[in-house]
Amino acid sequence: MADDSTSTFQAGQTGLIVRIPEAEPAVRRWRERLDPSAQAGVPAHVTVLFPFLDESRMEALVHSALADVLGGHQAFDLRFERCGRFPEVLYLVPEPDAPLRRLTEAIADRWPEVPPYGGRFAEVVPHLTIAQSPEDAVLAEIEADLSAMLPFTSHVASVELIVYDGVEWRERASFALGACARSPSRPG
């Protein structure tokens, strides 16, 4: 989600993510301490598009269009075997990243008014944020700790629409990838 510690979430913001539950055992304790999105309830994930449309625009037609766009992409597997860095950010590198890039491009093409990360970056690099810290030694410690827990794989079969309610992020809908695409499921 947000890639700098000065970011704050706003009620009504939405995002599209790929959950990576297999990462939780390795990254949960670090994310809970050093990732603002985890502190706001976002599970281990790779962002597809953030921010997406405001919650006030989440109507049936948007859900239908998301199901159509995402359903045109096949499910895929990711492997996480190494860490990467942005300034003051440690992340896991998903490989291959091409399926994730295609998902982001497809959503951004359909909704050009919501470029990835608000258009702040020339290139969007798929990643699973672990920690944000200005201290290189902290990031190096985390990276060393994680080395014993890598690699792992994850099967990606859906994209989640999450919404910030002013306190935490909550899943609003899930959209299946591939031939099994159907109407989005909505949690009760």
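Not measured: the values here are computed from a predicted model. Along each chain, numbering runs from 1 in the same order as the chain's sequence is written. At least 70 in pLDDT is required for a residue's local features to be given in this predicted model, at least 80 for side-chain atom pairs to be given and counted, and no such filter applies to totals for whole chains, interfaces and linings, which use all residues. With hydrogens and water stripped out, all remaining heavy atoms of the structure feed into the side-chain values.

S.K.: Provide a residue-level description of the side chain of T104, including the pertinent values.
M.R.: By the criteria applied, helices consist of DSSP H or I runs no shorter than four residues and strands consist of E runs no shorter than two, each listed in order from the N terminus. Its location among the elements puts T104 in helix α4 (residues 98-110). Here's how the labels work: a residue is buried when its accessible area is under 20% of the maximum for its type, exposed when over 50%, partly exposed in between, all with a 1.4 Å probe on protein chains only. Take T104: its relative accessible area is 8%, and that puts it in the buried class. Contacts are assigned to residue pairs with any non-hydrogen atoms lying within 4.5 Å of each other. Discounting residues that sit within four places of it in the chain, T104 has contacts with T47, V48, L49 and P116.

S.K.: If you had to explain the pairing of strand β1 (residues 14-19) to someone new, which residues and values would you point to?
M.R.: Burial analysis of β1 places 5 of its 6 residues in the buried class, the great majority of the element. At least two bridges found by DSSP between two strands are what make those strands a pair. The pairing of β1 with strand β7 (residues 158-164) spans 4 bridges and is antiparallel. Bridge pairing in β7 links L16 to L161. Taken together, the 4 bridges between β1 and strand β2 (residues 45-49) define a ladder with antiparallel strand orientation.

S.K.: Explain helix α3 (residues 60-71) to me, and be specific about the residues and the numbers.
M.R.: Expected span of a helix: the number of residues minus one, times 1.5 Å. An ideal rise of 1.5 Å per residue puts 16 Å on 12 residues; α3 measures up with 16 Å between its terminal C-alpha atoms. All of the buried residues in α3 are V62, H63, A65, L66, A67, V69, L70 and G71. Contact partners of the buried residues in α3: β1, α4, β7 and β8 (169-176).

S.K.: A description of the sheet that holds β8 should follow, citing residues and the corresponding values.
M.R.: Strand order in the open sheet formed by 4 strands is β2-β1-β7-β8, with antiparallel pairing between adjacent strands. Each having just a single partner strand, β2 and β8 make up the two edges of the open sheet. Direction aside, neighbouring strands of the sheet carry axes that sit 35 degrees apart on average. Where β7 lies against β8, 7 bridges are found, and the strand directions are antiparallel. Its bridge partner being in β8, S158 is matched across the sheet by A176. Packing against the sheet, α3 makes contact with β1, β7 and β8, and its axis sits at approximately 55 degrees to β8. Along the sheet, α4 contacts β1, β2 and β7; its crossing angle with β2, the most-contacted strand, is approximately 30 degrees. Between N-to-C directions, angles span 0 to 180 degrees; the directions come from axes that are lines fitted to C-alpha atoms, helices contributing only their stretch in contact.

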